[in-house]
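Read off the chains here:
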Amino acid sequence: MCGIVGYIGTRPALPILIRGLRSLEYRGYDSAGVATPGTDGLRIVKASGRLDRLIERVEQTVDDTATIGIAHTRWATHGPPTEANAHPHADCSGAVAVVHNGIIENFSELKLWLEKSGHRFVSETDTEVLAHLIEEYHENDLSASVRAALRHLRGTYGLAVMHAAHPREIVVARLGSPIVIGIGTGETLVASDPSALVGTTRNVMYLDDGEMARLDASGVQVTTLQAAPVEKALQEIQWTEKEIEKGGFAHYMLKEMHEQPETVRSALRGRLASDGGVTLGAFSDLRAALKDMRRIQIIACGSAYYASLVGAQMIERLARIPVSVDLASEYRYREPVMPSRTALLAVSQSGETADTLAALRLAKNAGLMTMGIVNAVGSTIAREVDAGIYNHAGPEIGVASTKAFVSQLSVFLVFALALGRERGLPPDEAERIAKALELLPMQIERVLRSRDQVAEWASQLSEKRHVMYLGRTLHYPIALEGALKLKEVSYLHAEGYASGEMKHGPIAMVEAGFPVVALAPHDAVFEKVKNNLEEVRARGAKTFAVTTPEGLRTLGRAADNALEIPTTHPLVQPILSVIPLQMLAYETAVAKGLDVDKPRNLAKSVTVE
Ligand code: M6R
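Residues numbered from 1 in each chain as written. Predicted model: local features only at pLDDT ≥ 70, side-chain atom pairs only at ≥ 80, totals over all residues. Heavy atoms only, no water.

S.K.: For the packing of helix α10 (residues 302-319) against helix α14 (residues 403-422), give the residues involved together with the corresponding values.
M.R.: Here α10 crosses α14 at 20°, and the two axes come no closer than 9 Å. If you check the angle between α10 and α14, you find them roughly parallel. At the point where α10 passes α14, the crossing takes the right-handed sense. Judged by residue contacts, S303, A304, Y306, A307, S308, V310, G311, M314, I315, L318 and A319 of α10 engage F405, Q408, L409, F412, L413, F415, A416, L417, L419 and G420 from α14. Here the contact of α10 with α14 is built from residues that sort into 16 nonpolar, five polar and no charged. (Axes fitted to C-alpha atoms, helices over the stretch in contact; angles between N-to-C directions. Helix = DSSP H or I, 4+ residues; strand = E, 2+ residues; numbered from the N terminus. Parallel < 35°, antiparallel > 145°, perpendicular 65-115°, else oblique. Left-handed = near helix turned anticlockwise from the far one by under 90°. Contact = heavy atoms within 4.5 Å. Nonpolar A, V, L, I, M, F, W, Y, C, P; charged D, E, K, R; others polar.)

S.K.: With reference to specific residues and values, describe the pairing of strand β24 (residues 561-564).
M.R.: Going residue by residue along β24, you find N561 and L563 tucked away on one face and A562 and E564 left uncovered on the opposite face. Of the strand pairs in this sheet, strand β23 (residues 542-547) and β24 are connected by four bridges, and their pairing is parallel. Within β24, the residue paired with V546 across the bridge is L563. With respect to chirality, the unit in which β23 leads through helix α19 (residues 549-555) into the neighbouring parallel β24 is right-handed. (Buried < 20%, exposed > 50% of the residue type's maximum accessible area, 1.4 Å probe, protein only. Pairing = 2+ DSSP bridges. Right-handed = clockwise from strand over helix to strand, strands pointing away.)

S.K.: So what's going on with the sheet that holds strand β13 (residues 219-224)? Which residues, and what values?
M.R.: Strand order in the open sheet formed by six strands is β5-β6-β7-β8-β12-β13, and the pairing between neighbours is antiparallel. Each edge of the open sheet is held by one strand with a lone partner, namely β5 (89-90) and β13. The sheet contact formed by strand β8 (residues 166-175) and strand β12 (residues 211-216) spans five bridges and is antiparallel. Note that in β12 the partner of R174 across the bridge is E211. Most of the contacts of helix α4 (residues 128-136) go to strand β6 (residues 96-101), to which it runs at about 140°, and overall it touches β5, β6 and β7 (157-163).

S.K.: Before we move on, can you summarise the pattern of salt bridges with the specific residues and values?
M.R.: Applying the stated criterion across every chain yields a total of 31 salt bridges. Taking the shortest distance from any N to any O, the salt bridge between E211 and K232 comes out at 2.7 Å. Separated by 21 residues along the polypeptide, E211 in strand β12 and K232 in the loop between β13 and β14 (235-236) bring together distant segments of the chain. You can call E211 buried: its relative accessible area is 9%. For E384, the salt bridge goes to R361, with nearest N and O atoms at 2.6 Å. In this pair, E384 sits in helix α13 (residues 380-384) while R361 sits in helix α12 (residues 354-365), placing the two residues 23 residues apart along the sequence. For E384, a relative accessible area of 22% puts it in the partly exposed group. Each of E105, E262, R265, R269 and E445 takes part in a single network of salt bridges with overlapping partners. (Salt bridge = Lys/Arg side-chain N within 4 Å of Asp/Glu carboxyl O.)

S.K.: Lay out the nonpolar core with the relevant residues and their values.
M.R.: Residues I296, F415 and Y469 are the most contacted members of the largest nonpolar core, which totals 96 residues. Residue contributions to this core peak at twelve residues, all from α14. Looking at which domains feed residues into this core, each of domain 2 (246-438) and domain 3 (451-591) supplies at least three. By size, the runner-up hydrophobic cluster in this structure holds 27 residues, among which are V5, L17, V34 and L189. (Core = buried A, V, L, I, M, F, W, Y, C linked by side-chain atoms within 4.5 Å. Domains from an automatic or database assignment.)

Written out as structure tokens, the structure reads:
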């Protein structure tokens, strides 16, 4: 996945395609490529790494008089960020070029079938099957060929296709991944994001899921995937270029928080069935070895560490295997005991965090079996573990992790379910959790709509210097994460505590007006958290509670401020409870006039010790 640009018109396509790719750079990518007509078939040029490398190659090789082309920046999902895996992907004959965002879930079966019919594959991507399918079904009408190919796909796509035999058209389609078409004078464009179009036109139409379109220089014909014509209205983009870059959001952090419903879907897609059945590649690779494991050791840093603290509880509850969690920076130096029959699990968004990598290597050298939960495909950690589960959360640009954290929690729960099913977890319990996870994206959307209330809390906090976060069991790590988020972006001093620890010291800090934020869903420890809130309130604290409807009814005066979130399965609840805390950190930073996306002293990926 990442950015798509296509052009057909009368002007040289290359500068327009490159400008489009440039405007998509902010989304993150690890390789790029472009396809234009060549003397014999299509000419595809690709490069791994920065766009400048592609531009150098393009300048040396491509005929810049071509007036049609498609281009892509890739952020690896299937296969590492190599040149071979970069888009566009071609068929065997080199006549078809495809750029694609999304995930083709059944690509392994399709690849097997196509290979049996004689197709030769050159990449590890899911996208390449599409080029070969179009070759397989190619007839005079390119739209019909694409339509026939799409019938075989399970998964999501936003795609653009060129064919050497149809040099004056581009075919595009959408299911779950955005496609926007730009209409100019005597020229038509396509992109995955309107920011790639505004340099050329502001007149656009958005494809809806299940629609495809044929583009030529004079315009566009939109149909359904079943070939029924669709009338679409043109819209004018009103946003400034800066706003467009962030999808209309003021900051990447805000944009990424709003992507979380989709992040959860992507973490579950193809892995979790409604009846609780789990399909995890990593799990099947290691099934026999995992059966033999007596212990799981998790290592991670920062937010990934807090996600792991929740994950450990999920695994212990569902699979009854003992799990320890260590900060990677501690683990590597504390001379840990590494008993055999321990599986080591490294958790990292970037897959490049120096401490996590060093701790992983330490465990590997000691002979432990290693696994990973990693977002960045092809990253060092992803390559070095014996088996891994990808988050498929897409690039996270904001330094403060939001969607990667939510994705890590979702993946942990799926992994815990997979282990649990192997170890006697009753199927009806697995089904209950799967059903709750299915509803989760909708519930996250609901919580994201509480922005005004959170902003009101933030206006209170922005006046303070210290904030305490409280939670118990699964919500203790969420309190830690909430405090970390607030520290990172608002520079307020914040501490997360297990609320049962209050009397062991921290309550001494509480004085009149001291803000205490508690995670208080109506769960097995609700009464205890409520008591803790009453205790701090009795000493003058200003209390803020994130709670569920039943909690709201019973909190009474324990909470000066209460924000309601939906009730879900207890193991899913923390994934929902963290959303208001992310929003609170964001709104507090905004209220203080700080640069949310570039917090001082922080880097997105900590590749040095
Ligand atoms: O890339 P990783 O997940 O390994 O990164 C770990 C931490 O550096 C990261 O979570 C950091 O704490 C974030 N800034 C949190 O928002």
